[in-house]
Amino acid sequence: MNDQPTVGVVGLGYVGLPLSMLFCEVGHHVIGVDVNPDAVQRLISGQSYIEDVESSVLKQHIDSGAFRPTTDYDNLKDAQIISICVPTPLRKSKDPDMAYVANAAETIAEVLVAGQTVILESTVYPGATEELILPILSKNGLEVGKDFYLAFSPERVDPGNTQFSIREIPKVIGGITPQCTEKAVEAYQSIFPKVSTVKSTKEAEMAKLLENTFRSVNIGLINELALVAHKMDIDIWEVIEAASTKPFGFMPFYPGPGLGGHCIPVDPFYLSWKAKMVAAETGFIELAGRVNANMPLHVVDRLSRLLNDRGKPINGSKVLVLGVAYKRDVSDMRESPALDVLGLLHQSKADVSYHDPFVSQFDYLDQTWNSVKLSESLIAEQDCVVILTDHTHYDYERIAKHASQVFDTRNATKNIRSQFDNIEVL
Ligand code: SAJ
């Protein structure tokens, strides 16, 4: 019997499942809890639904009994450590939706026993662990820092990132009390060798929001400068490449069709929401949000001008969109700006279709969209081929050779653009 503490992981998505595997790999028993019975059933049968988790690895930990997926929270009373990795989306009003986190805390409170360490990983607004989670976990009389321990440690899982494995990424940890921080560091030491502790849960919560707000604001800046550069007939991509030669004090970001994913479009609004509660201004976040949200409109405006220059109204023009996932070489479509572009093209009555090697089908605008079979004849039939996601899968030279017009929103054709006169870039 190994002496590693048993771990409970609540929420078995792109954060919770890889975290569970990490714990299993170093000998912990992991009780994985998820509210979705289908997901639990798939895991029990050894089928991973997370790209970064191989089914063979999952099956190994299922067969050995190390990983036990369940919908039953009651099993968590056997865990010394409980990590909460549930979604924290935005409501339509751009207010935080804390329902998943609150529900997880409520059900953990029912089974919380003395000695347990609870670590929240889901991205939340500053103060959420102390103001929302702590009262729920304390309601049955257990005292934090004495009977149980509570900390925040932001997830830094970057789906598809092959450069850094999760274990190599330093883990920020902040507890409600110093003892809580210590207990959380102890809980994670077997899988996260690099730890950065901060004085409280709030600094840890804010660190995560800074990381992703930094990205959103800088992406907003370069998107704004891309529009300015276009009006000045300046090649923004060369500008970024030239600025990137500066070995210090600069970090390149790139314009694109908009901001997708489950982190960058969402996390900054957890910060701005809380800032409003303390009457603080977050102008950069709001402005970046507007600039980034406007990019799909800019893409369609540029496209309609391209077609117009060739005497073609967008209405009825054949437009093929290449790539609908929110970023290169992933299948995730959450918040993908491609959806906005497809919607705008559909509204303008363009004859629009898409191809994406990672996304075979999706439902949107009350219809099912199917990835077309890419062929030279199909490309040649198009009035314009729009590159929205620069998957490495594509042979951009072949596409440019057979397309009458290409609109490249990702600089994917950087290396061949000079050989063709039918490629327009964002
Ligand atoms: N994007 C741009 N221009 C850029 C960078 C990104 O338009 O210069 C777009 C992408 O196409 C995408 C969106 O922004 O639609 C977000 O892209 P991202 O590169 O930030 O990727 P994400 O959303 O997967 O962000 C995650 C984050 N990881 C965590 O929160 C744990 C982020 O902190 C990482 O820095 C990022 O991955 C990463 O570096 O890949």
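None of the values given here were measured: they were computed from a predicted structure.

### Some thoughts on the overall build of the protein
Along the backbone of the protein there are 13 helices and 15 strands. At 24 Å, the protein has a C-alpha radius of gyration in line with the 22 Å of a compact globule built from 426 residues. For the protein, the spread of C-alpha atoms along the principal axes amounts to about 75 × 50 × 40 Å. Taking all 426 residues of the protein together, the buried fraction comes to 52%. At a minimum sequence separation of 6, the contacts of the protein that also span at least 24 residues come to 67%. Of the accessible surface of the protein, which amounts to about 19,600 Å², a share of 52% is contributed by carbon and sulfur atoms. Averaging the coordinates of the 38 positive side-chain charges in the protein and doing the same for the 55 negative ones gives two points 2 Å apart.

### A look at the packing of helix 10 (residues 283-309) against helix 11 (residues 337-347)
Two quantities define a packed helix pair, namely the angle between the helix axes and the distance between the axes. One can describe the packing of helix 10 onto helix 11 by two numbers: an axis separation of 9 Å at closest approach and a directional angle of 45 degrees. When the axes of helix 10 and helix 11 are compared, the pair comes out oblique. With respect to the hand of their crossing, helix 10 and helix 11 are arranged in right-handed fashion. Across the interface between the two elements, Pro296, Leu297, Val299, Val300 and Leu303 from helix 10 touch Pro337, Asp340, Val341, Leu344 and Leu345 from helix 11. Partitioned by chemical class, the residues of the contact of helix 10 with helix 11 number nine nonpolar, no polar and one charged.

### Focus: the packing of aromatic side chains
Within the structure shown, the criterion is met by eight aromatic pairs. Pairing Phe214 with Phe253 gives two aromatic rings, centres 5.5 Å apart and planes at 75 degrees, and the pair type is edge-to-face. With Phe214 in helix 7 (residues 201-231) and Phe253 in the loop between helix 8 (236-243) and helix 9 (267-277), the pair connects residues that are 39 residues apart, well separated along the chain. Taking 6.4 Å as the distance between ring centres and 5 degrees as the angle between the ring planes, the aromatic pair formed by Trp237 and Tyr254 counts as stacked. A residue pair is termed long-range when its members are at least 10 positions apart, and Trp237 in helix 8 and Tyr254 in the loop between helix 8 and helix 9 qualify at 17 residues. Judged by relative accessible area, which is 6%, Trp237 ranks as buried.

### What to know about the sheet that holds strand 6 (residues 149-152)
Within the open sheet, the eight strands sit side by side as 3-2-1-4-5-6-7-8. Their pairing is mixed. Each of the sheet's edge strands pairs with one partner strand only, and the pair in question is strand 3 (67-70) and strand 8 (195-198). Adjacent strand axes in the sheet meet at a mean angle of 25 degrees, parallel and antiparallel pairs treated alike. Packed onto the sheet, helix 7 meets strand 6, strand 7 (171-175) and strand 8 and runs at close to 145 degrees relative to strand 7.

### Focus: the environment of Ala102
One can find Ala102 in helix 4 (residues 99-111). Here Ala102 falls in the buried class, since its relative accessible area comes to 18%. Taking the C-alpha atoms as reference, Ala102 lies 30 Å from Lys327; in sequence the two are 225 residues apart. In contact with Ala102, not counting residues within four places along its chain, are Leu132 and Ile136.

### As for the environment of Leu426
Topologically, Leu426 is positioned in the segment after strand 15 (423-425). According to the relative accessible area criterion, Leu426 is buried, its value standing at 5%. Separated by 171 residues in sequence, Leu426 and Pro255 place their C-alpha atoms 7.6 Å apart. Each residue touching Leu426, except ones within four places of it in the same chain, is listed here: Ile236, Trp237, Pro255, Gly256, Met295, His298, Val299, Arg302, Phe407, Asp408 and Thr409.

### So, the domain arrangement of the protein
Many descriptions give the size of an interface as the accessible area lost when the pieces come together. Domain annotation of the protein identifies domain 1 (7-199) and domain 2 (216-425). Taking only C-alpha atoms, the centre of domain 1 and the centre of domain 2 are 34 Å apart. Summing both sides of the interface, domain 1 and domain 2 together bury roughly 1,300 Å²; the carbon and sulfur share of this comes to 62%. At the surface where domain 1 touches domain 2, the tally comes to one salt bridge. One salt bridge connects Lys274 with Glu131, and the closest N-O pair in it is separated by 2.8 Å. Counting across the interface, domain 1 meets domain 2 through five residue pairs in polar contact (both at pLDDT 80 or more). A class-by-class count of the residues in the side of domain 1 that touches domain 2 yields nine nonpolar, two polar and seven charged.

### Topic: the sheet that holds strand 10 (residues 351-355)
Taken together, five strands build an open sheet; the order of strands is 10-9-13-14-15 and the sheet is parallel. Two strands bound the open sheet, and with one partner strand each, they are strand 10 and strand 15. The mean angle between the axes of side-by-side strands here comes to 20 degrees, regardless of whether they run parallel or antiparallel. Relative to strand 13 (residues 384-387), strand 9 (residues 318-322) runs parallel, the two sharing four bridges. Its bridge partner lying in strand 13, Leu322 is registered against Ile387.

### A few points about the site of the ligand
Lys208, Asn212, Arg215, Tyr254 and Tyr326 are the nearest of the 18 residues found near the ligand. Note that an oxygen atom of the ligand is positioned 2.6 Å from one of the side-chain N or O atoms of Asn212. Here a nitrogen atom of the ligand sits 2.7 Å away from a polar atom, N or O, in the main chain of Tyr254. Protein chains bury 85% of the 730 Å² of accessible surface belonging to the ligand in isolation. Counted by class, the shell around the ligand contains eight nonpolar, three polar and seven charged residues.

Calculation rules
- Residues numbered from 1 in each chain as written.
- Predicted model: local features only at pLDDT ≥ 70, side-chain atom pairs only at ≥ 80, totals over all residues.
- Heavy atoms only, no water.
- Helix = DSSP H or I, 4+ residues; strand = E, 2+ residues; numbered from the N terminus.
- Rg over C-alpha atoms; globule rule 2.2 N^0.38 Å.
- Buried < 20%, exposed > 50% of the residue type's maximum accessible area, 1.4 Å probe, protein only.
- Contact = heavy atoms within 4.5 Å.
- Areas by Shrake-Rupley, 256 points an atom, 1.4 Å probe, with all protein chains shown as cover.
- Lys, Arg positive; Asp, Glu negative; His and termini not counted.
- Charge placed at Lys NZ, Arg CZ, Asp CG, Glu CD.
- Axes fitted to C-alpha atoms, helices over the stretch in contact; angles between N-to-C directions.
- Parallel < 35°, antiparallel > 145°, perpendicular 65-115°, else oblique.
- Left-handed = near helix turned anticlockwise from the far one by under 90°.
- Nonpolar A, V, L, I, M, F, W, Y, C, P; charged D, E, K, R; others polar.
- Phe/Tyr/Trp six-rings, centres within 6.5 Å; stacked < 30°, edge-to-face > 60°.
- Pairing = 2+ DSSP bridges.
- Domains from an automatic or database assignment.
- Buried area = accessible area lost by both parts, 1.4 Å probe.
- Salt bridge = Lys/Arg side-chain N within 4 Å of Asp/Glu carboxyl O.
- Polar contact = N/O pair within 3.5 Å; in protein donor to acceptor, adjacent residues only side chain to side chain.
- Near = heavy atom within 4 Å.

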